[in-house]
Amino acid sequence: MSHLDRLRAVFRMALNLPPDTDVDGLEYRAIPQWDSLAHMALIAAMEDEFSVMIDTDEMIDMSSFAKAAGLLEKHGIGAAAV
């Protein structure tokens, strides 16, 4: 499974979305499920899945799936841009 596929799975799990939901274009607060509380759960799930530590500035800046993929790349995870 690619890093992007793993990230998609993390998004779906953390945001309680159906398994076939397209999350590639997803942005923070674009859907009711991605509120501030879910954002923290998503960050924690990403940290667990990819063994990274995401700092406060990165948490605030991570406002879309694409930015999450870029954040992983910054942390040395081989996620390509969406």
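Residues numbered from 1 in each chain as written. Predicted model: local features only at pLDDT ≥ 70, side-chain atom pairs only at ≥ 80, totals over all residues. Heavy atoms only, no water.

An unreviewed UniProt entry annotates the protein as Acyl carrier protein of Nonomuraea marmarensis.

Asks: Could you give an account of the nonpolar core, naming the residues involved and the relevant values?
Replies: Considering soluble globular proteins, one finds that nonpolar side chains tend to be buried as a cluster. Membership of the largest hydrophobic core comes to 26 residues, with the highest contact counts inside it found for Leu7, Phe11, Leu42, Met46 and Met62. Put simply, the parts of the chain that give this core at least two residues each are α1 (3-14), α2 (36-50) and α4 (65-74). Sorting elements by how many residues they give to this core places α2 first, with 6 residues. Those residues in contact with Phe11 that sit more than four places away from it in its chain are Leu17, Val23, Leu26, Trp34, Leu42, Met46, Ser64, Phe65 and Ala68. (Core = buried A, V, L, I, M, F, W, Y, C linked by side-chain atoms within 4.5 Å. Buried < 20%, exposed > 50% of the residue type's maximum accessible area, 1.4 Å probe, protein only. Helix = DSSP H or I, 4+ residues; strand = E, 2+ residues; numbered from the N terminus. Contact = heavy atoms within 4.5 Å.)

Asks: Explain α4 residue by residue, including any values.
Replies: Along α4, the residues classified as buried are Phe65, Ala68, Ala69, Leu71 and Leu72. Along the axis of α4, the buried positions cluster into a sector of 160 degrees, meaning they face one direction only. Elements in contact with the buried residues of α4: α1, α2 and α3 (56-61). Among the residues trailing α4, Gly76 stands out with phi positive, at a value near 85 degrees. (Arc of directions from axis to C-beta.)

Asks: Tell me about the pattern of salt bridges, and please be specific about residues and values.
Replies: Under the defined criterion, the tally for this structure stands at 5 salt bridges. Between Glu49 and Arg6 there is a salt bridge, and its shortest N-O distance comes to 2.7 Å. Here Glu49, found in helix α2, pairs with Arg6, found in helix α1; they are 43 residues apart in sequence, far enough to count as distant. Residue Glu49 is classed as partly exposed on the basis of its relative accessible area of 35%. Residue Lys74 pairs with Glu58 through a salt bridge whose shortest N-O separation is 2.8 Å. Of this pair, Lys74 sits in helix α4 while Glu58 sits in helix α3, placing them 16 residues apart in sequence. Judged by relative accessible area, which is 8%, Glu58 ranks as buried. When salt bridges that share partners are traced, they join Asp5, Arg8 and Asp24 into one network. (Salt bridge = Lys/Arg side-chain N within 4 Å of Asp/Glu carboxyl O.)

Asks: Describe the packing of α1 against α4, and please don't skip the residues or the numbers.
Replies: Packing of α1 against α4 leaves a shortest axis separation of 11 Å and a crossing angle of 130 degrees. Of the possible angle classes, the one that applies to α1 and α4 is oblique. When you trace α1 past α4, the crossing you get is right-handed. Touching Leu4, Leu7, Arg8 and Phe11 of α1 are Phe65, Ala68, Ala69 and Leu72, all from α4. Classifying every residue of the contact of α1 with α4 gives 7 nonpolar, no polar and 1 charged. (Axes fitted to C-alpha atoms, helices over the stretch in contact; angles between N-to-C directions. Parallel < 35°, antiparallel > 145°, perpendicular 65-115°, else oblique. Left-handed = near helix turned anticlockwise from the far one by under 90°. Nonpolar A, V, L, I, M, F, W, Y, C, P; charged D, E, K, R; others polar.)

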